[in-house]
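One-letter residues, chain by chain:
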Amino acid sequence: MAASNRCGRRKGLSSSLFIIFALLPPQGGEITLDPWQPDRLKEDLSLLADDSMGGRKTGTPEEAMAAAFIAKRLAEAGAQPLGGSWEHPFQASPRTLDLDASFLEIGENRFPPGKDFLPHPGAPQGEAKGPVVFAGYGLRNLNFEYDDFDGIDLKGKVVLVFRWEPQADDPKSPLLGRKFLPETQLGRKVRLMESLGAVAVLVADPPGRRESWQAPSRPYWPKFSRLFEHLIPIIEAQKNQLGLEKTNFSTQDAADQAFHMLQGWGMLRCSIPVAYVSRRVVDELFKSAGREAPAWVRENDASLSADSFSIPNQASLKSTLLPPRRTGINVVGWIPGSDPELTNSFIVLGAHFDHVGKDESGTVWNGADDNASGVAALLAVADAFGKSKSPPRRNLVFAAFSGEEIGLVGSHCFVAENLIPAERILAMVNLDMVGRSMNRGLLVSGTRSSPPLREIVAKAAEGLDLVLDFENEEFFDRSDQASFYYEQVPVVFFNTSEHLDYHTPEDTSDRIEYEALTSITILAQRTLSRLDAWSSPLPFHDGYRRLRPYYEESPKLPLPWPLGFDQRIDY
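Residues numbered from 1 in each chain as written. Predicted model: local features only at pLDDT ≥ 70, side-chain atom pairs only at ≥ 80, totals over all residues. Heavy atoms only, no water.

A. Just empty space enclosed by the protein, in detail. The computed volume of the second largest cavity comes to approximately 50 Å³. Lining the second largest cavity, in full, are His88, Pro89, Phe90, Asn330, Cys413, Phe414, Glu417 and Leu419. For the lining of the second largest cavity, the elements supplying multiple residues, two or more each, are strand E2 (87-91) and helix H11 (409-416). With three residues, the single largest contributor to the lining of the second largest cavity is E2. In the lining of the second largest cavity, the residues fall into five nonpolar, two polar and one charged. (1 Å grid on protein atoms, 1.4 Å probe; cavity = no way out; pocket = protein on both sides within 12 Å on 5 of 7 lines; lining within 4 Å. Points joined across faces, edges and corners; volume = space filled by probe spheres on them. Helix = DSSP H or I, 4+ residues; strand = E, 2+ residues; numbered from the N terminus. Nonpolar A, V, L, I, M, F, W, Y, C, P; charged D, E, K, R; others polar.)

Written out as structure tokens, the structure reads:
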């Protein structure tokens, strides 16, 4: 589990239906799996937490050793490599722009990265060129008969859109007042425009609405962030207070973690370049079309009628990143489902396998509980499903993430790359630090993300002699399920809490409570089995109040400094 100082899609149902669904048993029988092999559970955990694994720090040869072992075990369990490969590399250092190879050109004007142009930190690097069209707020909501794309062709175009939505600052707006429509989320806008043929998207503040004259997203890029200039000196001055040496974090590790958290938020899950532009760029584009941006906003607010138009300019956009200082590896396998009607439905079981490595003297932080315990449980569940005579109905994904300790980077990249679109994931179950249960206790977080989940887990725990605590959310944002929750995927998080050996060299395999770990592993298997058999809707609900998309409301994020509303990158 990461240290604390640290890369709506389903239609809603009435609350009465939520309750009914929660009380219904799974439809279809629960899959009966082969007996457990507790000796193999202990063997896998001990190997991952052995000194030879060197603490499995992200980007090290020891991480690669652990990844190879996990891939081998998943293959032995009968899983297949997801996307044709067991190992999925990802950038494990903050994204940094190549300033000489990134630019925006509009007609004869060239804008280098800075005040007039900056890429979205969650967009892929790349290059695109095409005619420009203005598509209003990039919003389509047919329930309110509003469609910025009506009558305009996006194929092969660079699309300029405004952030947020019409009348966003009006509490009496006939849309949802100051609460944003689900379609207002920037990632949803971009993915829709990509599906309509756009080759790139330019995003700007709408004139007159909390407007910055510079391109938004400056805080997200180290070169342009005033915070980043002072971050390392601040961390260095507070090193003892932060306890970095105790947790084997360097000053650079802590700074990277902070920027991973920042850059990893508001992911787009697209494959086209996306960039923010300044008011100056907007005014030049509108002027070339004989229009004025402030007037367009006033007229659109008054009429709520879409008014998109072509702009007589060509735009060329290029975003290039510097090579990463280190690269991490996720290991992902899957067992295909057997139900032809559920070929697009996935359940993800996750556990991070990275830890914090070893210090200069060679002392190893073994990370037995954090998180060899979760990975060993994941491998045992893969064994059980892979060797069962009854195949699952849905596709089961077994994801061993790295980069968790440096800011949930591996799980963020897994979701951001859209290898499995979040809309197709029924639920994500995460195992992190499940080996040191006190008095058979188990923290179960995340069940408020979908009303049926609590009953599903409670039923799965029957007869296991576990004491479930559904109310503790202390660690909710500090493990990999958070990457899925922020993309509105229902999640369940199993954890046995911190202890005196947490993030110390004393977190070793001989201190694991293997009997309780076996029960928790069975609970994870049963939870997946019941989710697999579940035929009712499993709608996402922001039960932990993390998203709260209201105009002018700052995000409620686990960041080490406050972010203003206008600095949000998810809307």
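B. Structural context of the environment of arginine 73. Examined against the element boundaries, arginine 73 turns out to sit in helix H3 (residues 61-77). For the pair formed by arginine 73 and alanine 376, sequence separation is 303 residues and the distance between their alpha carbons is 10.0 Å. Residues within four places of arginine 73 in sequence aside, it is in contact with Arg40, Asp44, Leu379 and Asp383. (Contact = heavy atoms within 4.5 Å.)

C. Expanded view of the sheet that holds strand E3 (residues 103-106). A sheet is described by the order of its strands in space; here eight strands give the open sequence E4-E3-E12-E6-E9-E10-E11-E5, paired in mixed fashion. Looking along the sheet, the strands with just one partner apiece sit at the ends: strand E4 (109-111) and strand E5 (117-119). Averaged over all pairs of adjacent strands, the angle between their axes in this sheet comes to 30°, without regard to strand direction. Two elements, strand E10 (residues 200-204) and strand E11 (residues 274-277), share three bridges in a ladder whose sense is parallel. Each residue of the ladder has a partner; that of leucine 202, found in E11, is alanine 275. Lying over the sheet, helix H4 (residues 186-195) contacts strand E9 (158-162), E10 and E11, oriented at roughly 150° with respect to E9. (Pairing = 2+ DSSP bridges. Axes fitted to C-alpha atoms, helices over the stretch in contact; angles between N-to-C directions.)

D. Main features of helix H2 (residues 38-48). Along H2, the residues that are buried comprise Leu41, Asp44, Leu45 and Leu48. The buried residues of H2 occupy an angular sector of 95° when the element is viewed end-on, so they sit on one face. Where H2 is buried, its residues meet H3, helix H10 (368-386) and helix H14 (514-533). (Buried < 20%, exposed > 50% of the residue type's maximum accessible area, 1.4 Å probe, protein only. Arc of directions from axis to C-beta.)

E. Expanded view of the side chain of threonine 504. As for its placement among the helices and strands, threonine 504 is situated in the loop between strand E19 (491-495) and H14. Engagement of the side chain of threonine 504 in a polar contact is seen with the backbone oxygen of aspartate 501, the distance being 2.8 Å. Beyond its immediate stretch of four places on either side in the chain, threonine 504 contacts Lys246 and Trp365. (Polar contact = N/O pair within 3.5 Å; in protein donor to acceptor, adjacent residues only side chain to side chain.)

F. Structural view of the nonpolar core. Ranked by size, the top nonpolar core spans 63 residues in total, and within it Ile70, Leu74, Val331, Phe398, Phe494, Leu523 and Leu531 carry the most contacts. Take this core: its biggest share by element is eleven residues, from H10. Ignoring anything within four residues of it in the chain, the contact list for leucine 523 reads Leu442, Val457, Ala460, Ala461, Leu464, Leu466, Leu468 and Phe494. Formed by 40 residues, the second largest nonpolar core is a distinct cluster that contains Val133, Ala255, Cys270 and Leu321. (Core = buried A, V, L, I, M, F, W, Y, C linked by side-chain atoms within 4.5 Å.)

G. The packing of H2 against H10, seen in detail. The interhelical angle for the contact between H2 and H10, taken along N-to-C directions, is 140°, at an axis separation of 8 Å. By the angle between their directions, the pair H2 and H10 is classed as oblique. In this structure, the crossing between H2 and H10 has a hand that is right-handed. Along the contact surface, H2 presents Leu41, Asp44, Leu45 and Leu48, while H10 presents Ala368, Ala372, Ser373, Val375, Ala376, Ala377, Leu379 and Ala380. Residue composition of the contact of H2 with H10, grouped by class: ten nonpolar, one polar and one charged. (Parallel < 35°, antiparallel > 145°, perpendicular 65-115°, else oblique. Left-handed = near helix turned anticlockwise from the far one by under 90°.)

H. Local environment of the pairing of E9. Judged by how many residues are buried, E9 sits mostly within the fold: five of five residues are covered. Residues Val158, Leu160 and Phe162 point to one face of E9 and Val159 and Val161 to the other, with burial holding for every one of them. Taken together, the three bridges between strand E6 (residues 126-134) and E9 define a ladder with parallel strand orientation. Residue pairing across strands places valine 132 opposite valine 158, the latter belonging to E9. Summarising the sheet, E9 and E10 pair through five bridges and their orientation is parallel.

I. Representation of the packing of aromatic side chains within the structure. If you walk through the whole model with that rule in mind, you get 24 aromatic pairs. Relative to phenylalanine 162, the ring of tyrosine 137 has its centre 6.0 Å away and its plane inclined at 65°; by these criteria the two rings are edge-to-face. Taken together, the positions of tyrosine 137 in the loop between E6 and strand E7 (140-141) and phenylalanine 162 in strand E9 put the pair 25 residues apart, joining distant regions of the chain. An identical accessibility class is assigned to tyrosine 137 and phenylalanine 162; each is buried. Here phenylalanine 162 and tryptophan 296 contribute two aromatic rings whose centre-to-centre distance is 5.8 Å and whose plane-to-plane angle is 65°, an arrangement assigned as edge-to-face. (Phe/Tyr/Trp six-rings, centres within 6.5 Å; stacked < 30°, edge-to-face > 60°.)

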